[in-house]
Amino acid sequence: MEIAKLFSIIIASIFINNFVLAKFLGLCPYIGVSKKLDSAIGMGMAVIFVMTMASTITWLVYNYLLNPSTSIFGLDLTFLRTIAFILTIATLVQFVEMVIQKTAPALYKALGIFLPLITTNCAVLGVSILNINEGYNFLETIINGFSAGVGFTLVLILMAGIRERLELADIPESLKGLPISFIVAGCMALAFLGFSGLKI
Amino acid sequence: MKAFGELTKGIIKENPIFVMALGLCPTLAVSTSVNNAIGMGAAATFVLIGSNIVISLIKNFIPSKVRIPAYIVIIASFVTVVDMVMEAYAASLHKSLGLFIPLIVVNCIILGRAEAFASKNSVGSSILDGIGMGIGFSLALIVIATIREIIGTGKFYGMQILPCSYQPAICAILPPGAFFTIGILMALFNKWVAKKS
């Protein structure tokens, strides 16, 4: 039962409720960093990493500091949720950046420039809030954060592949750049809409 | 005249959505109906004006190294206020905007105006800038929502305006419709700008 539920969370957040194409979260990096395949892969890895970490930590913050029934203070601080989460995420990203820079310079070189961008990625704050709204337990939260990141990376890489080819295509002048990217994204969203028929 | 310029530049010349392509996530997500678009526009405008006022008042006391975290805390406080007020007085709107109310915090328009305008200008012009940008954002949202609502449901602001025999194209209010609408609108905007120059 438990395994089945975890599996359905994974499939749902990668395909059915894909963060970019069904929930409109994280559009800025999706449009901004999808010009080259290499940087799309780097950004995707950084997002998977930060989303998993952020889901884990914000769940702990919410349940042990803010929620009155489980908190160590016993105070109802749930109204501080938005402020607490955004500060936690900003601190986390900064911390992760410093740790990676010290311990794994090669990884830092690959992910480095993407990390600061992630703080203002609404997908990270979005997944943290969704975990709380959906009432997930600790394990489900980690799985949901990870698979939401995988879903984001999947569409980012697909988009980068398409856009590299679009560079060579003959596009009307006024559609060049952002407009054609949105229309391509619309076609991808149409394809992903097909997954919404899945019942699990 | 200068004050009037601060107010109107956000509406067309520096329109946050069509020209600067900022704040796209809430734009696409809540533009399924005109009602939602107006609610979102009003919430974002309030946060924009409030954070612009506070940031331009305290700009001289914040050390430049910690200015971004300070801005985010100020913005998050205003967002919490909007969230709670909306939950109390407009519960159904709060429910349909859902996740996108707390996500106003990470809307690039608000942090962008704090950094680019309010941290360098006086309180008066920051208020005008906030109002102008807020109106520009709301208008763009309403335009997108009008197109999607009419094509997708045959209604405008909940009222039937197309004849009942019209078969609504549901796709327009589903996610793909949002991407197509904004792509085509941006292309038309580009064409118009190119023609003018």
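Residues numbered from 1 in each chain as written. Chains lettered and ligands numbered in written order. Predicted model: local features only at pLDDT ≥ 70, side-chain atom pairs only at ≥ 80, totals over all residues. Heavy atoms only, no water.

**Q** Help me understand the overall build of chain B in this model?
**A** When helices and strands are counted, chain B shows eight helices and two strands. The globule rule puts the C-alpha radius of gyration for 197 residues at 16 Å, and the 18 Å found for chain B is close to it. Contacts in chain B between residues at least 24 apart in sequence constitute 74% of all its contacts with a sequence separation of at least 6. Only carbon and sulfur atoms are counted for the fraction: they give 71% of the accessible area of chain B, which is about 8,900 Å². (Helix = DSSP H or I, 4+ residues; strand = E, 2+ residues; numbered from the N terminus. Rg over C-alpha atoms; globule rule 2.2 N^0.38 Å. Contact = heavy atoms within 4.5 Å. Areas by Shrake-Rupley, 256 points an atom, 1.4 Å probe, with all protein chains shown as cover.)

**Q** Teacher, can you tell me more about the overall build of chain A here?
**A** A count of helical and extended segments in chain A gives nine helices and zero strands. Put simply, chain A runs from its N terminus to its C terminus through helices and strands in the order α-α-α-α-α-α-α-α-α. A globule of 200 residues ought to have a C-alpha radius of gyration of about 16 Å, and chain A, at 18 Å, matches this closely. With the principal axes as the frame, chain A shows a C-alpha extent of 65 × 45 × 30 Å. Buried residues in chain A amount to 52% of all 200 residues. Contacts spanning at least 24 positions in sequence make up 74% of the contacts within chain A whose residues lie at least 6 apart. (Buried < 20%, exposed > 50% of the residue type's maximum accessible area, 1.4 Å probe, protein only.)

**Q** Any chance you could explain the pattern of salt bridges here in plain terms?
**A** For side chains of opposite charge, pairing can occur when their charged atoms come near one another. Residues and elements named next belong to chain B. Summed over all chains, the structure comprises four salt bridges over all chains. Of the charged contacts, one joins Arg-67 and Glu-115 as a salt bridge, the two residues approaching to 2.9 Å between their closest N and O atoms. On the criterion of sequence distance, the pair formed by Arg-67 in helix 4 (residues 67–89) and Glu-115 in helix 6 (residues 108–118) is long-range, its members being 48 residues apart. Here Asp-129 ties to Arg-113 by a salt bridge, and the two come within 3.0 Å at their closest N and O atoms. On the criterion of sequence distance, the pair formed by Asp-129 in helix 7 (residues 123–153) and Arg-113 in helix 6 is long-range, its members being 16 residues apart. Judged by relative accessible area, which is 8%, Arg-113 ranks as buried. (Salt bridge = Lys/Arg side-chain N within 4 Å of Asp/Glu carboxyl O.)

**Q** Sorry, what's going on with the interface of chain A and chain B here?
**A** Opposite the 35 residues of chain A that make contact, chain B presents 33 residues. Between chain A and chain B, roughly 2,900 Å² of surface is buried when both sides are summed, and carbon and sulfur atoms account for 87% of that area. Our count for the chain A to chain B interface comes out at zero salt bridges. Between the two partners, chain A and chain B, sit one residue pair in polar contact (both at pLDDT 80 or more). Mapped by element, the contributors of at least two residues to the side of chain A that touches chain B are helix 2 (27–32), helix 4 (81–103), helix 7 (122–133) and helix 9 (178–193) of chain A. For the side of chain A that touches chain B, the element with the most residues is helix 9 of chain A, which contributes ten residues. (Buried area = accessible area lost by both parts, 1.4 Å probe. Polar contact = N/O pair within 3.5 Å; in protein donor to acceptor, adjacent residues only side chain to side chain.)

**Q** Can you help me understand the confidence of the model for chain A in this one?
**A** Caution applies to low-pLDDT parts of the model: their predicted coordinates are not meant to be read in detail. Residues at a pLDDT of 70 or more form 96% of chain A, whose mean pLDDT is 87. Of all secondary-structure elements in chain A, the lowest mean pLDDT belongs to helix 6 (residues 115–118) of chain A, at 73, while helix 8 (residues 138–166) of chain A reaches the highest, 93. (pLDDT = per-residue confidence, 0-100.)

**Q** When you look at empty space enclosed by the protein in this model, what are you seeing that I'm missing?
**A** This model, assessed by the stated rule, comprises two cavities of 30 Å³ or more. Here the largest cavity is characterised by a volume of approximately 100 Å³. Around the largest cavity sit 16 residues that line it, and Cys-122 of chain A together with Cys-25, Pro-26, Val-106 and Asn-107 of chain B are the ones nearest its centre. Secondary-structure elements contributing two or more residues to the lining of the largest cavity are helix 2 of chain A together with helix 2 (24–30) of chain B. Taken together, the residues of the lining of the largest cavity break down into eleven nonpolar, five polar and no charged. The calculated volume of the second largest cavity comes to roughly 40 Å³. (1 Å grid on protein atoms, 1.4 Å probe; cavity = no way out; pocket = protein on both sides within 12 Å on 5 of 7 lines; lining within 4 Å. Points joined across faces, edges and corners; volume = space filled by probe spheres on them. Nonpolar A, V, L, I, M, F, W, Y, C, P; charged D, E, K, R; others polar.)

**Q** So what exactly am I meant to see when it comes to a nonpolar patch on the surface here?
**A** Residues and elements named next belong to chain A. Together, Leu-60, Tyr-64, Leu-65, Ile-72, Phe-73, Leu-75 and Phe-138 give the surface a local cluster of nonpolar side chains, amounting to about 680 Å² of exposed area. Top element by residues in the nonpolar patch is helix 3 (residues 37–66). It accounts for three residues. With respect to the element layout, Leu-60 can be found in helix 3. (Patch = residues over 30% accessible without salt bridge, like charges linked within 9 Å, V, L, I, M, F, W, Y side chains within 5 Å.)

**Q** What should I look at first to understand unusual backbone geometry in this one?
**A** All names here are of chain A. For Phe-24, which is not glycine, the phi dihedral falls at a positive 55°. Mapped onto the elements, Phe-24 comes out in the loop between helix 1 (2–16) and helix 2. Taking relative accessible area as the criterion, Phe-24 reaches 6% and is therefore assigned buried.

**Q** Could you clarify how one ought to interpret the packing of helix 4 of chain A against helix 4 of chain B in this entry?
**A** Helix packing geometry: the angle between the two helix axes and the distance between the axes. Following both chains from N to C, one finds helix 4 of chain A and helix 4 of chain B inclined at 155°, their axes separated by 8 Å at the closest point. Judged on the interaxial angle alone, helix 4 of chain B and helix 4 of chain A are roughly antiparallel. Remark: the crossing between helix 4 of chain A and helix 4 of chain B carries right-handed chirality. Only Ile-72, Val-73, Ala-76, Ser-77 and Thr-80 of chain B of helix 4 of chain B make contact with helix 4 of chain A, whose side of the interface consists of Thr-82, Ile-83, Ile-86 and Leu-87 of chain A. Of the residues contributing to the contact of helix 4 of chain A with helix 4 of chain B, the split by class is six nonpolar, three polar and no charged. (Axes fitted to C-alpha atoms, helices over the stretch in contact; angles between N-to-C directions. Parallel < 35°, antiparallel > 145°, perpendicular 65-115°, else oblique. Left-handed = near helix turned anticlockwise from the far one by under 90°.)

**Q** Help me understand the packing of helix 1 of chain A against helix 8 of chain A in this model?
**A** All names here are of chain A. One way to put it is that helix 1 packs onto helix 8 with a least axis distance of 7 Å and a crossing angle of 30°. As far as their axial angle goes, helix 8 and helix 1 are roughly parallel. Two packed elements cross with a definite hand, and for helix 1 against helix 8 that hand is right-handed. Counted together, Glu-2, Lys-5, Leu-6, Ile-9, Ile-10, Ser-13, Ile-14 and Phe-15 of helix 1 and Leu-139, Glu-140, Ile-143, Asn-144, Ser-147, Ala-148, Val-150, Gly-151 and Leu-154 of helix 8 form the full contact between these two elements.

**Q** What exactly am I supposed to notice about the environment of Tyr-136 of chain A here?
**A** You can see Tyr-136 of chain A is positioned in the loop between helix 7 and helix 8. Apart from residues lying up to four places away in sequence, Tyr-136 of chain A is in contact with Ile-9, Trp-59, Asn-131, Thr-141 and Asn-144 of chain A.

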